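Letter by letter, the chains look like this.
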Amino acid sequence: MPPRTDSPAWAPFDDEPLFVSELLLGADQLEAAVADRMGRYLRQVTVARGGVLHLAGAWNALHFGFDLALGAYHSALLDPEHFHAVLPAADPGRVAVPVGAFLRIERGTRWLWAEAVGKFGASQDCDDDGWIPASRSGDRAGSPRTDGLWEREETVIVDTGAFGPPSAIEVKETARLRRSGLLDARGHLTSTALYATPDLPLLDDAAFYQRYLLTEARPLLATGPLAGLLDDPHDTDLLAQALAASFDTVGDLLRHAPGLRTWGPYAVAETDTAGLPESAVGEVVHRVHRARTGPPRYTATWPLLCAACEAAGPGDLTEGPKALASLAVVNLALADRATEPTAQVDLRIDDMWQQGGIWRAQQPPLPWYVQGADPLAPLGIGHGEHTGSLSGASPSPQVPPPHEAPAEESFAAPQDIAPPPLPEESGPDEPMPVIEHLDDSIIVYTCCLQPRHIDHGTLPLPASVREGLADGPVVLELHHDGDPDDSHGAQELVLTQAALTGVSWPWSLYPGIRLTVTVPRGGRRLHAVTTLLDEPLRFDGNGPFLWDCDTDVLRRHLGLTAAEPKPQPPAPRRTAHTGYAPAVNSLCSLIVAGLRRHGVPGMFEARSMQGHRLSAALFGPGPVSPRLMWTVIHTCEDLAARGLLERESVAGEPDLFIWWPDDKAPTAPKGQITFEPQELRNHVKAHYVPPDRRKLPPGQQASDHARAAYARWRIDMLGPAADTTLPHGYTFVRGHRRGDEQPPAWHDDLTGCS
């Protein structure tokens, strides 16, 4: 990288903090001069860090203060006890390292400090020539272990110069760490990363780092400027919202900073090839761009880059932080090639994370889900094709599948569709199962359980539903919201002519309770959903009855006379998706129940999942038909349009759908998951300079008043056991509104003392 010729845009701990309150309210809330200064500073940091800067590293630079003059963080102000410890272990697995984390690499009594500046997947299925199975492209999930953890192969790129140039002893220590295997031959931390829950590997780098800052690294976060900008820095929910908002703003600044390009979560300085020979870049591009006749070829960038660098001579360009710059140069060269399409080969990025990037090359003809798609948006097509969530058949709305019912019939009120008879013996007053929706991919019906169903463990089954089931064992999954023990696992049932038998109904079910049952055509996994009432029912001192039911059936069971029938208004018809795989109103309760059970946990007990993954969770483990997948997705979109779910759109990724508990759902209109500035504004100290340390000129020391204030601040943020010693060479400035003068006694002038 060329040396920096302009003066630093910001000098941490000399100038006022650049991490200002407007960062929590959105980039559009920043004054133009401040935004320009931040953009220049972030570009300077990018160049100083080797030409590539991860979003987490950019946030660190603003929050912890990366000093351009030093080319490092101020290590005296950071407590290594709160760094992420990396220890030698007999087990090759170790706790996953977030990008952005400050590291304490230990070997015996020696410590080596570093910053995790990048990370990519290290699947062992990848060959040295870059070939990788299609199934690995887009698959970020971990694998379960016998000890209850989840594991995934990862390579973390660490910068051991983040806290200053390594000393001779530290250089030798790094060499020892390579020989010991704690670092690999290129100085990277390659290992089996362990995760506590299966949802954590699915988080992107920035989200995983935010979670880490709110938990393991909370002391580092609490003593930085972010906490000082909030009216209650001890409120975890508020801190999480502010943290996410600040990451969003920093991401916007990187995308609009002059002289920077972005590649996924990385900002790349627009310079030359960072010392990488053009021959090496050309060799990688050529190997990735070639395609064979027939199936598409999936090629990983990292192994090709390593081979090209070794062949060209400068093998050190894949070592340490230089590896990020080399990867960025190669991937951007491929991106430039992909945006210049040719008639011979379709080239596109399919996975930005695994092995430094997986590119998909295919000769025409192309499948329908590739045609017209952005070649720089990673769609994970390889994994999607492997799991069956993508099909070669185009979902053309002009050619409806055979025997498809008219669209309006799918959304008719239950009384508009005549129910098929059941061969099961039924009393004259018993309600019959009602077909709510029927098409070539799915059937949804409602039924009310009679006492004999509960006693004998059976589920009523209309004849048309039975005909659509696949041969073999049938599995039932019950979603019983509000039950103290709603942990009912899947049950394998026996299929008879009129019902499914062998059901273990929970004790809380009662006669008349209404179930909505979803059956995929040709599938074996059924879902039954109960509906929790807003207000429980009571009948002559009996109750409460918490779930929707047929009150006549329940009253007869209680020995009470039937209530007078009340006229039911016709069900309103709603507009929804039409054409291929339209939204299904009767699927709504199952989708909400599925998100609650299978969704990725989030803040405030929210659950989230992409539509294609939700369809696989509900109707897997085998392949899910494209039509059924799109039915689930379109119904999720319909729920989001009605404000019952949130929908987050991320460039290059399938939409994410989020369910919130009723008492914790945001009051703002449903939509993309963003923490609106107005939600934080009431808790953010406007025009405020947070409390922080400042460097002192030579010959000066902090006053007693400053030391006492620093001690009080540390105890307030970290508790009575906090270290309250103010580092030598620094003073402490209390928080104040911007423009207010500070008391003159924050330091003592010792220049005239002998």
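Every value quoted in this text rests on a predicted model; they were computed, and no experiment measured them.

Some thoughts on the pattern of salt bridges
Between side chains of opposite charge, a pair can form as their charged atoms come close.
Point 1. Tallying each qualifying case throughout the model produces 29 salt bridges.
Point 2. Residue R647 is joined to D655 by a salt bridge in which the shortest nitrogen-to-oxygen separation is 2.6 Å.
Point 3. On the basis of relative accessibility, which here comes to 30%, the residue R647 falls in the partly exposed class.
Point 4. D655 sits in the buried class, given a relative accessible area of 19%.
Point 5. Overlapping salt bridges, with partners in common, bring together R49, E115 and D159 in one network.

Re the nonpolar core
Point 1. Counting 71 residues, the largest nonpolar core has Y41, W59, L103 and L226 as its most contacted members.
Point 2. Counting residues per element, this core draws most heavily on helix α7 (residues 236-256), which supplies nine residues.
Point 3. Not counting residues up to four positions away in its chain, the partners in contact with Y41 are A9, W10, P12, L18, A61, L62, G65, F66 and L68.
Point 4. Judged by nonpolar contacts, the second largest core, of 36 residues, contains A308, A323, L334 and V345.

What about the environment of H188?
Point 1. Tracing the chain through its elements places H188 in the loop between α3 (168-180) and β10 (189-195).
Point 2. Spatially, the C-alpha atoms of H188 and R178 are 8.7 Å apart, while their sequence positions differ by ten residues.
Point 3. A polar side-chain atom of H188 sits 2.9 Å from the main-chain carbonyl oxygen of T318.

A look at the packing of aromatic side chains
Point 1. Taken as a whole, this structure holds 27 aromatic pairs when the rule is applied.
Point 2. Between the aromatic rings of F83 and F102, the centroid separation amounts to 5.5 Å while the plane-to-plane angle is 55 degrees, which identifies the pairing as tilted. Of this pair, F83 sits in the loop between β3 (72-73) and β4 (84-86) while F102 sits in strand β6 (residues 102-107); the two residues are 19 residues apart in sequence, bridging distant segments of the chain. Accessibility assignment for this pair places F83 and F102 in one class, buried.
Point 3. Centroid distance F102 to F163: 5.3 Å. Interplanar angle 75 degrees. Geometry classified as edge-to-face. One end of the pair, F102, is in strand β6; the other, F163, is in the loop between β9 (150-159) and α3, and 61 residues separate them in sequence.

Notes on the packing of helix α9 (residues 301-312) against helix α10 (residues 322-338)
Point 1. Interaxial distance between α9 and α10 falls to 11 Å at its minimum, and their mutual angle equals 110 degrees. For the element pair α9 / α10, the angle class is roughly perpendicular. Side by side, α9 and α10 meet where T301, W302 and L305 of the first sit next to A323, S326, L327, V330, N331 and L334 of the second.
Point 2. Of the residues that constitute the contact of α9 with α10, the class distribution is six nonpolar, three polar and no charged.

Conventions adopted
Residues numbered from 1 in each chain as written. Predicted model: local features only at pLDDT ≥ 70, side-chain atom pairs only at ≥ 80, totals over all residues. Heavy atoms only, no water. Salt bridge = Lys/Arg side-chain N within 4 Å of Asp/Glu carboxyl O. Buried < 20%, exposed > 50% of the residue type's maximum accessible area, 1.4 Å probe, protein only. Core = buried A, V, L, I, M, F, W, Y, C linked by side-chain atoms within 4.5 Å. Helix = DSSP H or I, 4+ residues; strand = E, 2+ residues; numbered from the N terminus. Contact = heavy atoms within 4.5 Å. Polar contact = N/O pair within 3.5 Å; in protein donor to acceptor, adjacent residues only side chain to side chain. Phe/Tyr/Trp six-rings, centres within 6.5 Å; stacked < 30°, edge-to-face > 60°. Axes fitted to C-alpha atoms, helices over the stretch in contact; angles between N-to-C directions. Parallel < 35°, antiparallel > 145°, perpendicular 65-115°, else oblique. Nonpolar A, V, L, I, M, F, W, Y, C, P; charged D, E, K, R; others polar.

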